[in-house]
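# Observations on the three-dimensional arrangement
For reference, the chains in residue letters:
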Amino acid sequence: MRQRDKGKIVILTGAGISKESGLDTFRDADGIWSRVRIEDVATPEAFARDPARVHDFYNSRRSRLRGGGIQPNAAHRALARLESLWPDEVLVVTQNIDDLHARAGTSNLIHMHGELLKVRCQACHEVCDWPGDLTTASLCPACAQIGGLRVHVVWFGEMPLHMDRISDALDDCDLFVAIGTSGTVYPAAGFVQEVRLIGRAHTAELNLVPSGGHSLFAEGCYGPATQVVPDYVERILRDGW
Ligand code: BJW
């Protein structure tokens, strides 16, 4: 391994990494946005207009995630293996709200679009674990207010979470890898450009097919995540980049 092929790694993941675990992507032909309108379920305005409708949308995804059929796949496990064996920092920044990276064993993990299994109180701002259904009558465990809880996810028009920490990591990394994301939603879609502005890190896209922004990456590996990600991780562990 050459000296420059060591160092800090930032990995951005999107819905494509969880597809083979049985969770739908958003913008593929059979994706979530082919069945429901963003304006009805994934904006603060939708929640203000019809909170029960938004709760139903997330309740059904939460119950599916918690059903025994959804498990981490070989791609999630490969990233956990990379973190455990790589001599420097590996940070996974996921846009996904599922818990499959954590269940696979990744610990240095940022959920920039929030977490399906958590709720946030709009009155006291406390964030709590919430494994079951949420309704307009649910009570905040911290302040006891009724009806103020919302799912702890980032909707369109809201600021993604932990952006300062993500920005520092992007500026300081030596390898940036985007996995299973269409690169259409900002600010995540702009991470590769932020990395390239600094000019030091190698960049790679791992996706089923080249994304719209594939030409921004120095390298691309294409195919199902359960094949491409373990192969890529083994290559990095063996040869660097
Ligand atoms: C496989 C595979 C397999 C399939 N193996 N791969 C105009 C211009 C620029 C920006 C804006 C604009 N107008 C509005 C904005 C801002 C807006 C935005 O980006 N809109 C664009 C759509 C235009 N963004 C926001 O509002 C964000 N906030 C914000 O910008 O705040 C201000 C700010 C400014 C500056 C700095 C910081 C902040 C918030 C965005 C919130 C997104 N929320 C959602 C829902 C979360 C909760 C939920 O799950 O319900 O997040 S939307 C949805 O999209 C979800 C995802 O995380 C996100 C990204 O989707 P992802 O993961 O890329 O999935 P897909 O389906 O798009 O792609 C899957 C890919 O996998 C495909 O490429 C497949 O090929 C591939 N794949 N099978 C490998 N087996």
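Our subject is the structure that appears above.
Computed from a predicted model, the values in this text were never measured in an experiment. Sequence order as written defines the numbering, with residues in each chain counted from 1. With pLDDT at 70 or above as the cut-off, local features in this predicted model cover only qualifying residues; side-chain atom pairs require 80 or more to be listed or tallied, and sums for whole chains, interfaces and linings still use all residues. Here the side-chain values reflect all heavy atoms present in the structure, with hydrogen atoms and water set aside.

## Here's the deal with the nonpolar core
To define a nonpolar core, start from buried Ala, Val, Leu, Ile, Met, Phe, Trp, Tyr and Cys residues and group those joined through side-chain atoms within 4.5 Å. Think of it in three bands: with a 1.4 Å probe and only protein chains considered, a residue is buried below 20% of the maximum accessible area for its type, exposed above 50%, and partly exposed in between. Counting 24 residues, the largest nonpolar core has Ile9, Ile11, Leu206 and Val229 as the members making the most contacts within it. Runs of H or I in DSSP of at least four residues are treated as helices and runs of E of at least two as strands, each being numbered from the N terminus. When contributions to this core are tallied by element, the ones reaching two or more residues are strand S1 (9-13), helix H4 (74-85), strand S2 (90-94), strand S7 (175-179), strand S8 (202-207) and helix H8 (225-239). Here the element with the most residues in this core is H8; it accounts for six residues. Two residues qualify as a contact provided that any one of their heavy atoms is within 4.5 Å of a heavy atom in the partner residue. Ignoring any residue separated from it by four or fewer positions in sequence, one finds Ile11 in contact with Leu79, Leu82, Val90, Leu91, Val92, Val93, Val177 and Ile179. The next biggest cluster of nonpolar side chains, apart from the first, holds 20 residues, and it includes Ile32, Ile70, Leu100 and Leu117.

## Details of the site of the ligand
By nearness alone, 35 residues border the ligand, and Arg61, Glu158, Thr181, Ser182 and Tyr186 come closest of all. As used in this structure description, the phrase polar contact means that two N or O atoms lie within 3.5 Å; if the pair is within protein, one of them must be able to donate a hydrogen and the other to accept it, and residues adjacent in sequence are counted only when both atoms belong to side chains. With respect to the ligand, the backbone of Ala225 contributes an N or O atom lying 2.9 Å from a nitrogen atom. What sets the accessible areas is the Shrake-Rupley method with a 1.4 Å probe; for residues, cover comes only from the shown protein chains. Relative to its unbound accessible surface of 1500 Å², the ligand loses 76% to contact with the protein. For this scheme, ten residues count as nonpolar: Ala, Val, Leu, Ile, Met, Phe, Trp, Tyr, Cys and Pro. Four count as charged, namely Asp, Glu, Lys and Arg, and the remainder, Gly too, count as polar. Among the residues forming the shell around the ligand, the class breakdown is 18 nonpolar, 11 polar and six charged. By convention in these notes, a residue is near a molecule or strand provided one of its non-hydrogen atoms lies within 4 Å of it.

## Considerations on the pattern of salt bridges
Salt bridge criterion: a side-chain nitrogen from Lys or Arg within 4 Å of a carboxyl oxygen from Asp or Glu. Enumeration over the complete set of coordinates arrives at 14 salt bridges. Notably, a salt bridge pairs Glu39 with Arg37, separated by 3.9 Å at the nearest N-O pair. Overall, the relative accessible area of 43% leaves Glu39 in the partly exposed class. One salt bridge connects Asp174 with Arg200, and the closest N-O pair in it is separated by 2.5 Å. Of this pair, Asp174 sits in the loop between helix H6 (163-172) and S7 while Arg200 is found in the loop between helix H7 (191-198) and S8, placing the two residues 26 residues apart along the sequence. Of the residues examined, Asp174 reaches a relative accessible area of 16% and is grouped as buried. Here Arg200 falls in the partly exposed class, since its relative accessible area comes to 44%. Among the ionic contacts, a cluster of salt bridges with common partners joins Lys19, Asp24, Asp30 and Arg35.

## A few points about the environment of Tyr232
Following the sequence through the fold, Tyr232 ends up in helix H8. Considered as a pair, Tyr232 and Cys221 are 11 residues apart in the sequence and their alpha carbons are 8.2 Å apart. If we ignore the near neighbours within four places in the chain, the residues touching Tyr232 are Leu175, Val177, His202, Ala204, Leu206, Glu219 and Cys221.

## Description of the pairing of S1
Among the five residues that make up S1, five are buried, leaving the element largely enclosed by the rest of the structure. Here S1 shows a buried face lined by Ile9, Ile11 and Thr13 and a second buried face lined by Val10 and Leu12. Of the strand pairs in this sheet, S1 and S2 are connected by five bridges, and their pairing is parallel. When the bridges of S2 are listed, Val10 appears paired with Leu91. Here, a strand pair is defined by DSSP locating no fewer than two bridges between the strands.

## Considering unusual backbone geometry
Along the chain, Tyr186 connects to Pro187 via a cis peptide bond; the corresponding omega equals 5°. Within the secondary structure layout, Pro187 lies in the loop between S7 and H7. One non-glycine residue, Ala144, adopts positive backbone phi at about 70°. Despite not being glycine, His162 has its phi angle at roughly 60°, a positive value. For His162, the position within the fold is in the loop between strand S6 (149-153) and H6.

## Focus on the packing of aromatic side chains
Paired rings are identified among Phe, Tyr and Trp, the last through its six-membered ring, by centres lying within 6.5 Å, and are further divided according to the angle between planes into stacked (under 30 degrees), edge-to-face (over 60) and tilted (the rest). Within the structure shown, the criterion is met by seven aromatic pairs. Plain terms: the ring middles of Phe26 and Trp33 are 5.1 Å apart, the flat faces sit at 40° to each other, and that makes the pair tilted. Both rings, one in Trp86 and one in Trp241, keep their centres 5.6 Å apart while their planes meet at 35°; by these two values the pair is tilted. Residue Trp86 is found in the loop between H4 and S2, and its partner Trp241 is found in the segment after H8; the two are separated by 155 residues along the sequence.

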